[in-house]
Every structure is written in C-alpha cells, then in structure tokens.
Amino acid sequence: MAITPSSTRDELIAHERECAQRYSNIEQQLSVGEKRFGRLENMVWGLYLILITSSILPILLDQG
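So, here's what we can say about the structure.

Definitions and limits used
Residues numbered from 1 in each chain as written. Predicted model: local features only at pLDDT ≥ 70, side-chain atom pairs only at ≥ 80, totals over all residues. Heavy atoms only, no water. Phe/Tyr/Trp six-rings, centres within 6.5 Å; stacked < 30°, edge-to-face > 60°. Helix = DSSP H or I, 4+ residues; strand = E, 2+ residues; numbered from the N terminus. Buried < 20%, exposed > 50% of the residue type's maximum accessible area, 1.4 Å probe, protein only. Salt bridge = Lys/Arg side-chain N within 4 Å of Asp/Glu carboxyl O. Patch = residues over 30% accessible without salt bridge, like charges linked within 9 Å, V, L, I, M, F, W, Y side chains within 5 Å. Areas by Shrake-Rupley, 256 points an atom, 1.4 Å probe, with all protein chains shown as cover.

We now examine the packing of aromatic side chains. In the structure shown here, the tally under the stated rule is one aromatic pair. Relative to Tyr48, the ring of Trp45 lies with its centre 5.5 Å away and its plane at 80 degrees, an arrangement referred to as edge-to-face. Pair noted here: Trp45 and Tyr48 are both in helix H1 (residues 5-63), with a separation of three residues, about one helical turn. For Trp45, a relative accessible area of 55% gives the class exposed. Taking the relative accessible area as the measure of exposure, Tyr48 reaches 45% and is therefore partly exposed.

Structure, rendered in structure tokens:
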C-alpha cells in the first residue's frame, strides 16, 4: 500500500479521534476517583477525631 498524503491525513484524523475518546475516559475515571478520595479523606479525619478523643477523654474524666 502506497503512503499518500490523503491516507496519512485520514490515519491522523482517526488517531486524534481515538486519543480524544481515550482522554475523555481518563478524565471521567479521575473524576470518580476524586470523589472516592474525598470520602476516604473524610473517614481518615473521623478516625483522627476518635483517636484523639479516646486518648484525652480518660484523662479528663480522672480529673473530675
């Protein structure tokens, strides 16, 4: 098959179309991952709060 400017252009257009679809899928996956990460981060902060409270509460109760 001979390489012509027309065939090269068509292949380039097809390649750009595939890349655009691929990048769109990557952006969607990152968006979903960002939401999950936000939930996990909130859970970690909640655990920090529980750990700090559980270590300070007995000290406060003994002083009372």
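Let us keep going from here.
Within this structure, the stated rule accounts for one salt bridge. Taking the shortest distance from any N to any O, the salt bridge between Asp10 and Arg9 comes out at 3.7 Å. The class of Asp10 is partly exposed, set by a relative accessible area of 42%.

Let us now look at a nonpolar patch on the surface. A cluster of nonpolar side chains, namely Val44, Trp45, Tyr48, Leu51, Ile52, Ile56 and Leu60, defines an oily patch on the protein surface of about 730 Å² accessible area. For Leu51, the position within the fold is in helix H1. Residue Leu51 is classed as exposed on the basis of its relative accessible area of 54%.

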